[in-house]
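Residue strings, one per chain:
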Amino acid sequence: MDDVPDSPSKAVSPRVAAALDGVREQRARRSRHLGPVLWGILVAIALQSFSSQPGPGVHGVELGVALTLFGCLLPLAAVAAGLWQIATCMACVSFCLLVSGFGLALGALQSGSVSVLPLSVAVLTAFLVLSRRQAFALVGVVLSGLLAAAAAGADGSMGTLLSQLLFCAVLALMAHSLRQASDNEERAELLLAQLEDAREAEAEAVALAERTRIAQDLHDVLAQTLSGLAIQIQAARRMVRREHKSEELQEVLDRAGKLAKEGLGDAVRAVSALRGHQSPSLDRLPELVERYQTDLELDVTLSVTGARRSVPTAMDLALYRGAQEALTNAARYARGARTTVTLCYERERTVLTVEDEREAPGPTPSPLVMGSGLGLTGMSERFTEVGGSASAGPTSHGWRVTMEIPA
């Protein structure tokens, strides 16, 4: 196929790369299908040579016939057995010239028995493997040899010569038609792969535009709300300092102001994620745990087991947001309990658990709720979308949230 590269000259999508692999496999399969044909032609040439005079032997002209026959059959056997690949231009040209050259020499030694079979192999192979221009040039050289042999008297029958030329022409047309049909099929597969890529790119562009619109709306709402909250908290802090209220109230307001600022930062990062920018990931899990320790005075520890590995962005974000939601509910419903965050990289999955344990038996903690939409139901939906799962339930001493994604 002239316009399909054997290997991509630039980076291509996995779908197009798979289509190119399929094209190369079809070409290899086409070459393998030529094997049985070559074995049949090899046997026919050998039988015709042994039935002609002088036949192959070990002395004089007969020895020449034997060596010429061997030179003609050896390339056929090598290609038919798969020992010689003729997919490249040089290999194909060498094969065609060897077979046709020894075939013409064999006809010259066995006068009156010039066989069209070696020439037909050269014509068929040329149009199946080479480009159209290369095939015509090579076949022209081969047929010129045939005409020269006929002019030299290797076969004096004009009818035989014309039948041989006609047979070669029919083979050339047949091989060209097969090659054209195969090329069209390969081209269609590549175009289909490129079309699928274009459709995916278009869908991603539409999704990005929608995310950008949503991000703008979120930015307008959250930025105004959280900014106003931060201003009100700052005013309350000034009032507390002016009226010399308790230090404990001052600390609460300080933490509230810090949380408002961090919430605004989280909102900005969420908006950036919607716009296609970098989103929170498991790399920030220690920072998240530390924030809950400091700001919400949560007794929480982090444990990571297994070999660290990269996680797809959507799954990474799902785990981070799941941990954030679970810690928020632990701070809300299990204050005073000991909370453990465990991130485990297993062979076939990545598991994140958030578990709180009370030192003394007490009432069962309240379950996760929807809240702002990122409760257990929202969390489960998020993990379902990325091929994972999330569950939560009571334990003998507290509450456990388990999130997992496939490796």
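For the structure, see preceding data.
About the cut-offs
Residues numbered from 1 in each chain as written. Predicted model: local features only at pLDDT ≥ 70, side-chain atom pairs only at ≥ 80, totals over all residues. Heavy atoms only, no water. Helix = DSSP H or I, 4+ residues; strand = E, 2+ residues; numbered from the N terminus. Buried < 20%, exposed > 50% of the residue type's maximum accessible area, 1.4 Å probe, protein only. Contact = heavy atoms within 4.5 Å. Areas by Shrake-Rupley, 256 points an atom, 1.4 Å probe, with all protein chains shown as cover. Pairing = 2+ DSSP bridges. Expected span 1.5 Å × (residues − 1). Polar contact = N/O pair within 3.5 Å; in protein donor to acceptor, adjacent residues only side chain to side chain. Salt bridge = Lys/Arg side-chain N within 4 Å of Asp/Glu carboxyl O. Phe/Tyr/Trp six-rings, centres within 6.5 Å; stacked < 30°, edge-to-face > 60°. Core = buried A, V, L, I, M, F, W, Y, C linked by side-chain atoms within 4.5 Å. Axes fitted to C-alpha atoms, helices over the stretch in contact; angles between N-to-C directions. Parallel < 35°, antiparallel > 145°, perpendicular 65-115°, else oblique. Left-handed = near helix turned anticlockwise from the far one by under 90°. Nonpolar A, V, L, I, M, F, W, Y, C, P; charged D, E, K, R; others polar.

Caption draft 1: Seen up close, the overall build of the chain. For the chain, the helix and strand inventory stands at ten helices and five strands. Residues counted as buried form 37% of the 407 residues belonging to the chain. Taking contacts inside the chain between residues at least 6 apart in sequence as the whole, the part at least 24 apart equals 67%. Of the roughly 22,300 Å² of accessible surface on the chain, a fraction of 61% belongs to carbon and sulfur atoms.

Caption draft 2: The pairing of strand S4 (residues 389–394), seen in detail. Pairing of S4 with strand S5 (residues 398–406), which is carried by six bridges, proceeds in the antiparallel orientation. The partner of Ser 391 across the bridge, within S5, is Thr 402.

Caption draft 3: Focus on helix H4 (residues 117–129). Here H4 contains 13 residues, and its C-alpha end-to-end distance of 18 Å stays within 8% of the 18 Å for a straight helix at 1.5 Å per residue. Burial runs high along H4: eleven of the 13 residues are buried. Buried residues of H4: Pro 118, Leu 119, Ser 120, Val 121, Ala 122, Val 123, Leu 124, Thr 125, Ala 126, Phe 127 and Leu 128, and no others.

Caption draft 4: Geometry of the side chain of Glu 355. Among the secondary structure elements, Glu 355 is positioned in strand S3 (residues 349–357). For Glu 355, the side chain forms a polar contact with the side chain of Arg 400, separated by 3.2 Å. Once residues lying within four places of it in the same chain are set aside, the contact partners of Glu 355 are Arg 338, Thr 339, Thr 340, Thr 395, Trp 399 and Arg 400.

Caption draft 5: Seen up close, the pattern of salt bridges. By the definition in use, this model includes seven salt bridges. Salt-bridge contacts for Arg 308 lead to Asp 283; the nearest nitrogen and oxygen are separated by 2.4 Å. Separated by 25 residues along the polypeptide, Arg 308 in the loop between strand S1 (299–305) and helix H9 (313–333) and Asp 283 in the loop between helix H7 (247–274) and helix H8 (285–295) bring together distant segments of the chain. The class for Arg 308 is partly exposed, based on a relative accessible area of 46%. With relative accessibility at 56%, the residue Asp 283 sits in the exposed group.

Caption draft 6: Spatial organisation of helix H2 (residues 60–80). In a regular helix each residue adds 1.5 Å, so 21 residues correspond to 30 Å; H2 covers 31 Å between its end C-alpha atoms and thus fits that length. Of the residues making up H2, those classed as buried are Val 65, Thr 68, Leu 69, Gly 71, Cys 72, Leu 73, Pro 75, Leu 76, Ala 78, Val 79 and Ala 80. Looking one or two places after H2, you find Gly 82, whose phi comes out positive at around 80 degrees.

Caption draft 7: Broad picture of the packing of aromatic side chains. What the rule picks out here adds up to two aromatic pairs. On the basis of an interplanar angle of 80 degrees and a centroid distance of 5.9 Å, the ring pair of Trp 84 and Phe 95 is categorised as edge-to-face. With a gap of eleven residues between them, Trp 84 in the loop between H2 and helix H3 (89–109) and Phe 95 in helix H3 connect regions that are remote in the sequence. When the ring of Phe 127 is compared with that of Phe 136, the centres are 5.2 Å apart and the planes differ by 90 degrees; the resulting orientation is edge-to-face. On the accessibility criterion, Phe 127 (5% relative accessible area) is buried.

Caption draft 8: How the structure looks around the environment of Ile 233. Structurally, Ile 233 is set in helix H6 (residues 158–242). Under the relative-accessibility criterion, Ile 233 is labelled buried at 11%. For the pair Ile 233 and Gly 257, spaced 24 residues apart in the sequence, the C-alpha separation amounts to 5.9 Å.

Caption draft 9: Just the environment of Ala 148, in detail. Residue placement: Ala 148 occurs in helix H5 (residues 132–151). With a relative accessible area of 47%, Ala 148 lands in the partly exposed category. A C-alpha to C-alpha distance of 9.7 Å links Ala 148 and Leu 104, two positions 44 residues apart in sequence.

Caption draft 10: Here's a closer look at the nonpolar core. Judged by nonpolar contacts, the single largest core of 40 residues is most densely connected at Ile 45, Leu 76 and Phe 95. Elements with a minimum of two residues in this core: helix H1 (14–50), H2, H3, H4, H5 and H6. The element contributing the most residues to this core is H4, with eight residues. With residues near it in sequence (within four places) discarded, Leu 76 still touches Leu 38, Leu 42, Ile 45, Phe 95, Val 99 and Val 121. Grouped together as the second largest cluster of nonpolar side chains are 30 residues, Tyr 320, Leu 343, Met 379 and Phe 383 included.

Caption draft 11: Main features of the sheet that holds S1. Ordered by their spatial adjacency, five strands build an open sheet running S1-S2-S3-S5-S4, and the pairing between neighbours is mixed. Two strands close off the open sheet at either side, each with one partner strand: S1 and S4. Pairwise comparison of adjacent strand axes, ignoring direction, gives a mean angle of 10 degrees for this sheet. Pairing between S1 and strand S2 (residues 338–345): seven bridges, direction parallel. By the bridge assignment for S2, Thr 301 is matched with Thr 340. Relative to S5, H9 is tilted by about 175 degrees, and along the sheet it contacts S1, S2, S3 and S5. Sheet strands in contact with helix H10 (residues 376–385) are S4 and S5, and its direction is about 150 degrees off that of S4.

Caption draft 12: Highlighting the packing of H9 against H10. Their axes nearest at 10 Å, the elements H9 and H10 cross at an angle of 165 degrees. When the axis of H9 is compared with that of H10, the two are roughly antiparallel. Considering the relative orientation of H9 and H10, their crossing is left-handed. Here H9 contributes Leu 317, Ala 318, Leu 319, Arg 321, Gly 322 and Glu 325 to the contact with H10, which in turn contributes Met 379, Arg 382 and Phe 383. Each residue belonging to the contact of H9 with H10 can be placed in one class, and the counts come to five nonpolar, one polar and three charged.

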